[in-house]
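Secondary and tertiary structure notes
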Amino acid sequence: MSKGKLRAIKKRIESTNSTMQITRAMEMVARAKINKVQKGLKFVRQYEQSMERVLKRAYFGLENRPQPSGEGDLLLVVTADMGLAGAFNAEILKLAELELKKQNVKRLVTVGLKAESYFKRHGVELSAFSHFYDIPDLDEAAIIVDDIMDTMEANNLGGLSMVYSNFKTPLAQIPKVVKILPLKPFERTENDLYDFEPHIELLYSDVLYSWIVSIVLRGLFETKVGELYARQNAMKNATENASNMIERLTLVRNKLRQSNITQEIIEVVNGAEALNG
């Protein structure tokens, strides 16, 4: 019986060690990708802020400012394609669920396999972008925005919001909702007057489009960096837990082995005494 227990413990140690090697490798892969993706996040944030300043100037340059039109909203939900990142995807999806209840959402656009799989069982029509990028770039964000604008025009939708993961620190990735359309009221800056070439009426739609692309690009980058940090942290914790489990199993195995050795010695001594007696 004891030998059977020893074999079972040995198998558990071997399987846990194999799992630990996988989690350690995934942690290293996530760390390597972070170094590539996080470098671009700072510039993407600056780009989005610059485009917002340009949009404000164009907006106040208009004599007849466009009014919101259309009924219903489109919700863009950005998650990861992969799991093994703790509660990262679940928190984004939970916030998206709340937005579905609060807003009059008629169409969904999902980025990431997790969001696509989750919302397929809902009654809302969706367009999905899964396994769409490894490192987000401007062209991919523009493709998503083109699909969004076509969908909004085809369905007469007036509102656009995005749910994504806002990267704060390596240990904190906070799901966030940003309202993109209709435009929020801007505050005019004194003496902030510009001349536009070509006419602002022609330029405004291009500026608005570029601003939306910059927001979506930032959402993709923020979510990607948060995903990688969440996966790195989850795999680091899993590796540490596996190491602790191996230590505990090794201790149990050594105690059981020592008990078996002691029992065998007692049996040998008792047998020898019986022969001499």
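Residues numbered from 1 in each chain as written. Predicted model: local features only at pLDDT ≥ 70, side-chain atom pairs only at ≥ 80, totals over all residues. Heavy atoms only, no water.

Here's the deal with the overall build of the protein chain
We count it as follows: Helix numbering and strand numbering both begin at the N terminus, where a helix is a DSSP run of H or I of at least 4 residues and a strand a DSSP run of E of at least 2. Note that the radius of gyration is over C-alpha atoms, with the globule rule given as 2.2 Å times the number of residues to the power 0.38. In this charge count, Lys and Arg are treated as positive and Asp and Glu as negative; neither His nor the chain ends contribute. The atoms used to mark charge sites are NZ of Lys, CZ of Arg, CG of Asp and CD of Glu.
Summing up its helical and strand segments, the protein chain has five helices and five strands in all. Mapped from its N terminus to its C terminus, the protein chain presents α and β elements in the order α-β-α-β-α-β-α-β-β-α. By the compact-globule yardstick of 19 Å for 277 residues, the protein chain is too spread out, its C-alpha radius of gyration being 29 Å. By principal-axis analysis of the C-alpha atoms, the protein chain measures approximately 115 × 40 × 25 Å. Computed over 38 positive and 35 negative side-chain charges, the inter-centroid distance for the protein chain is 12 Å.

Quick notes on the environment of Glu227
The test is simple: Three exposure classes are used, based on accessible area relative to the maximum for each residue type with a 1.4 Å probe and protein chains only: buried under 20%, partly exposed in between, and exposed over 50%. By the convention used here, residues are in contact when the closest approach between their heavy atoms is within 4.5 Å.
Residue position: Glu227 is located in helix 5 (residues 200-276). On the basis of relative accessibility, which here comes to 5%, the residue Glu227 falls in the buried class. Discounting chain neighbours no more than four positions away, the residues touching Glu227 are Ala80, Ala85 and Phe88.

A word on the packing of helix 4 (residues 138-155) against helix 5
Rules: All axes here are fitted lines through C-alpha atoms, helices being fitted over the stretch that makes contact, and every angle between N-to-C directions spans 0 to 180 degrees. Rotating anticlockwise by less than a right angle from the far helix to the near helix defines a left-handed crossing, while the corresponding clockwise rotation defines a right-handed one. Amino acid classes used here: Ala, Val, Leu, Ile, Met, Phe, Trp, Tyr, Cys and Pro are nonpolar; Asp, Glu, Lys and Arg are charged; the rest, including Gly, are polar.
The geometry of helix 4 relative to helix 5 is characterised by a closest axis approach of 9 Å and an angle of 120° between their N-to-C directions. Read as a crossing pair, helix 4 and helix 5 show a hand that is right-handed. Seen from helix 4, the contacting residues are Leu138, Ala141, Ala142, Ile144, Val145, Asp146 and Met149; seen from helix 5, they are Tyr209, Ile212, Val213, Val216, Leu217 and Leu220. Of the residues in the contact of helix 4 with helix 5, the class split is twelve nonpolar, no polar and one charged.

A word on the environment of Ala230
Relative to the assigned elements, Ala230 resides in helix 5. For the pair Ala230 and Glu201, spaced 29 residues apart in sequence, the C-alpha separation works out to 44 Å. For Ala230, the contacting residues outside a window of four places in its chain are Ala85, Phe88 and Gln173.

Things to note about the packing of aromatic side chains
To keep things clear, this is the line we draw: Stacked, tilted and edge-to-face are the three classes assigned to paired rings of Phe, Tyr and Trp, where Trp is represented by its six-membered ring and a pair needs centres within 6.5 Å; plane angles under 30 degrees give stacked, over 60 edge-to-face, the rest tilted.
Overall, the coordinates contain four aromatic pairs when judged by the stated rule. Ring geometry for Tyr59 and Phe60: centres 5.4 Å apart, planes at 80°, overall edge-to-face. When sorted by exposure, Tyr59 lands in the same class as Phe60, which is buried. Ring geometry for Tyr118 against Phe119: centres 5.0 Å apart, planes inclined by 90°, an arrangement best described as edge-to-face. Of the residues examined, Phe119 reaches a relative accessible area of 0% and is grouped as buried.

Details of the nonpolar core
Rules: The set of buried Ala, Val, Leu, Ile, Met, Phe, Trp, Tyr and Cys residues whose side-chain atoms join them within 4.5 Å is what this entry labels a nonpolar core.
Leu76, Ile180 and Ile212 are the most contacted members of the largest nonpolar core, which totals 47 residues. Here this core gets 15 residues from one element, more than from any other, and that element is helix 5. Ignoring any residue separated from it by four or fewer positions in sequence, one finds Leu76 in contact with Val109, Val111, Ile144, Ile148, Ser161, Met162, Val163 and Val216. Among the nonpolar cores identified, the runner-up in size contains 16 residues, and Leu75, Ala85, Ala115 and Phe119 belong to it.

Regarding the sheet that holds strand 5 (residues 172-181)
Inclusion rule: Pairing between strands is defined by DSSP: at least two bridges between them are needed.
Strand order in this open sheet of five strands is 3-2-1-4-5, and the pairing throughout is mixed. Looking at strand neighbours, the two that pair on one side only are strand 3 (125-129) and strand 5, the edges of this open sheet. Taking each pair of neighbouring strands and ignoring which way they run, the sheet shows an average axis angle of 20°. With five bridges connecting them, strand 1 (residues 73-78) and strand 4 (residues 159-169) associate as parallel partners. Paired with Leu75 across the two strands is Ser161, which belongs to strand 4. Helix 5 rests against strand 1, strand 2 (105-111), strand 4 and strand 5 of the sheet, and its axis sits at about 40° to strand 4.

A short note on helix 4
So the rule is basically this: Multiplying 1.5 Å by the residue count of a helix minus one yields the expected span of that helix. Any N or O atom pair separated by 3.5 Å or less is treated as a polar contact, with the protein-specific requirement of one donor-capable and one acceptor-capable atom, and with residues adjacent in sequence counted only for side-chain atom pairs.
Over its 18 residues, helix 4 runs 26 Å from end to end, which matches the ideal 26 Å to within 8%, given 1.5 Å per residue. Within helix 4, the full set of buried residues consists of Glu140, Ala141, Ala142, Ile144, Val145, Ile148, Thr151 and Met152. The opening residue of helix 4 is Asp137, an N-cap whose side-chain oxygen sits 3.1 Å from the backbone nitrogen of Asp139. Trailing helix 4 by a residue or two, Asn156 shows a phi angle of about 55°, which is positive.

Re the side chain of Arg107
Within the secondary structure, Arg107 sits in strand 2. By relative accessible area, which is 13% here, Arg107 ends up buried. Side-chain polar atoms of Arg107 contact the side chain of Ser127, separated by 3.5 Å. Once you skip the residues sitting within four places of it in the chain, Arg107 turns out to touch Asp73, Leu74, Leu75, Val124, Glu125, Leu126, Ser127, Thr151, Asn155 and Leu157.

Treat this as a map of the structure, not an account of what it does.
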